[in-house]
Amino acid sequence: MPEVRMKPVITYFKYLLRSTNEHGVHSPFVYDLVTKALRHKDKMPKHPTAKELPFFDSLPGKYQRALNNSLHHLFGAEAPVIALGSFVNTLTSGASLVFLESQDQLEPTAIAPLLERLGNETVILLNKTSDTPLWRALTQHPEIHLTVDCHRIGMAWKRAQQAKENFTIRL
């Protein structure tokens, strides 16, 4: 009989218990993101940026659709200026989408120099399983005012105009 790894199963059930849909969201920005992108069921053409994300094709279908729709919602048909990987020291300002791997071992102290180079509306995209050290550091950082956790993908923004909120959205 194959061995069942319990930690991913338990992590997923914790995510399901914490998560909500659009009815539990009270931020207009996040409500639009949830209703027009994350939980939007229509399939849109593959966004040009999706081809550049190394993990996109390995995501299950509902996460691919949610991420693809989010890229269309946030950036339209245009490809954003994207920065990939552990590049904290080489990132120049102007990136509108920053992709971090969940296994990147960025210490919380390394996140501050990254955030100094990012604009208020820059999206930090993380392929992750819920509750990785990097995700926890982002959600707890005082400059990050908005996070959206969708279990396999996470997004974070500085959005200084918004009160600090961490949303867990069920897809």
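Residues numbered from 1 in each chain as written. Predicted model: local features only at pLDDT ≥ 70, side-chain atom pairs only at ≥ 80, totals over all residues. Heavy atoms only, no water.

J.: Go over the pairing of strand S3 (residues 123-127) with me, naming the residues and quoting the values.
T.: Across the 5 residues that make up S3, a large majority, 5, are buried. The alternating pattern of S3 places Val123, Leu125 and Asn127 on one face and Ile124 and Leu126 on the opposite face, and all of these are buried. Relative to S3, strand S2 (residues 97-101) is paired through 5 bridges, and the arrangement is parallel. When the bridges of S3 are listed, Glu101 appears paired with Asn127. Here S3 pairs with strand S5 (residues 153-157) via 4 bridges, running antiparallel. Residue pairing for S5: Leu126 is matched across the bridge by Gly154. (Buried < 20%, exposed > 50% of the residue type's maximum accessible area, 1.4 Å probe, protein only. Helix = DSSP H or I, 4+ residues; strand = E, 2+ residues; numbered from the N terminus. Pairing = 2+ DSSP bridges.)

J.: Requested: an account of the packing of helix H2 (residues 28-38) against helix H3 (residues 61-75), with residues and values cited.
T.: Across the interface, H2 lies against H3 with an axial gap of 8 Å and an inter-helix angle of 125°. Here H3 runs oblique to H2, going by the angle between their axes. Crossing of H2 over H3 shows right-handed handedness. Note on element contacts: H3 touches H2 through Ala66, Asn69, Ser70, His73 and Leu74, opposite Phe29, Asp32, Leu33, Lys36, Ala37 and Leu38. Of the residues belonging to the contact of H2 with H3, the class tally is 6 nonpolar, 3 polar and 2 charged. (Axes fitted to C-alpha atoms, helices over the stretch in contact; angles between N-to-C directions. Parallel < 35°, antiparallel > 145°, perpendicular 65-115°, else oblique. Left-handed = near helix turned anticlockwise from the far one by under 90°. Contact = heavy atoms within 4.5 Å. Nonpolar A, V, L, I, M, F, W, Y, C, P; charged D, E, K, R; others polar.)

J.: Tell me what's going on with a nonpolar patch on the surface, and back it up with residues and numbers.
T.: Together, Met6, Val9, Ile10 and Phe13 make up an exposed nonpolar region whose accessible area comes to about 370 Å². Using a relative accessible area of 47% as the deciding quantity, one classes Met6 as partly exposed. (Patch = residues over 30% accessible without salt bridge, like charges linked within 9 Å, V, L, I, M, F, W, Y side chains within 5 Å. Areas by Shrake-Rupley, 256 points an atom, 1.4 Å probe, with all protein chains shown as cover. Salt bridge = Lys/Arg side-chain N within 4 Å of Asp/Glu carboxyl O.)

J.: Can you break down the nonpolar core residue by residue, with the values?
T.: Counting residues in each nonpolar core, the largest one holds 29 residues, and the members touching the most others are Leu38, Leu53, Phe55, Leu67, Leu125, Val148 and Ile169. Among the elements of the structure, H2, H3, S2, S3, strand S4 (146-149) and S5 are those that each provide at least two residues to this core. Excluding residues that lie within four positions of it along the chain, Leu38 makes contacts with Leu33, Ala66, Ser70, Val148, Cys150, Met155, Ile169 and Leu171. (Core = buried A, V, L, I, M, F, W, Y, C linked by side-chain atoms within 4.5 Å.)

J.: Would you mind going over the side chain of Glu165 in detail, with residue names and values included?
T.: Mapping Glu165 onto the fold places it in strand S6 (residues 165-168). Nearest to the buried, unbridged Glu165 among oppositely charged side chains is Arg159, at 8.3 Å. Among the polar contacts made by the side chain of Glu165, one reaches the side chain of Gln162 at a distance of 3.4 Å. If near-sequence neighbours (up to four positions away) are discounted, Glu165 is found in contact with His26, Ser27, His145, Leu146 and Thr147. (Lys, Arg positive; Asp, Glu negative; His and termini not counted. Polar contact = N/O pair within 3.5 Å; in protein donor to acceptor, adjacent residues only side chain to side chain.)

J.: Any details on the side chain of Asp149? Residues and values, ideally.
T.: Along the chain, the position of Asp149 falls in strand S4. Judged by its relative accessible area of 5%, Asp149 falls in the buried class. At a separation of 2.8 Å, a polar atom in the side chain of Asp149 contacts the main-chain amide nitrogen of His151.

J.: Before we move on, could you go through the sheet that holds S4 and cite the residues and values that matter?
T.: Strand pairing in a sheet relies on backbone hydrogen bonds, with the paired strands running either antiparallel or parallel. Strand order in this open sheet of 6 strands is S1-S2-S3-S5-S4-S6, and the pairing throughout is mixed. The open sheet terminates on both sides in strands that have one partner only, identified here as strand S1 (82-84) and S6. Averaged over all adjacent pairs, the angle separating strand axes in this sheet is 15°, with direction ignored. The sheet strands contacting helix H5 (residues 133-140) are S2, S3, S4, S5 and S6, and the helix crosses S4 at an angle near 145°.

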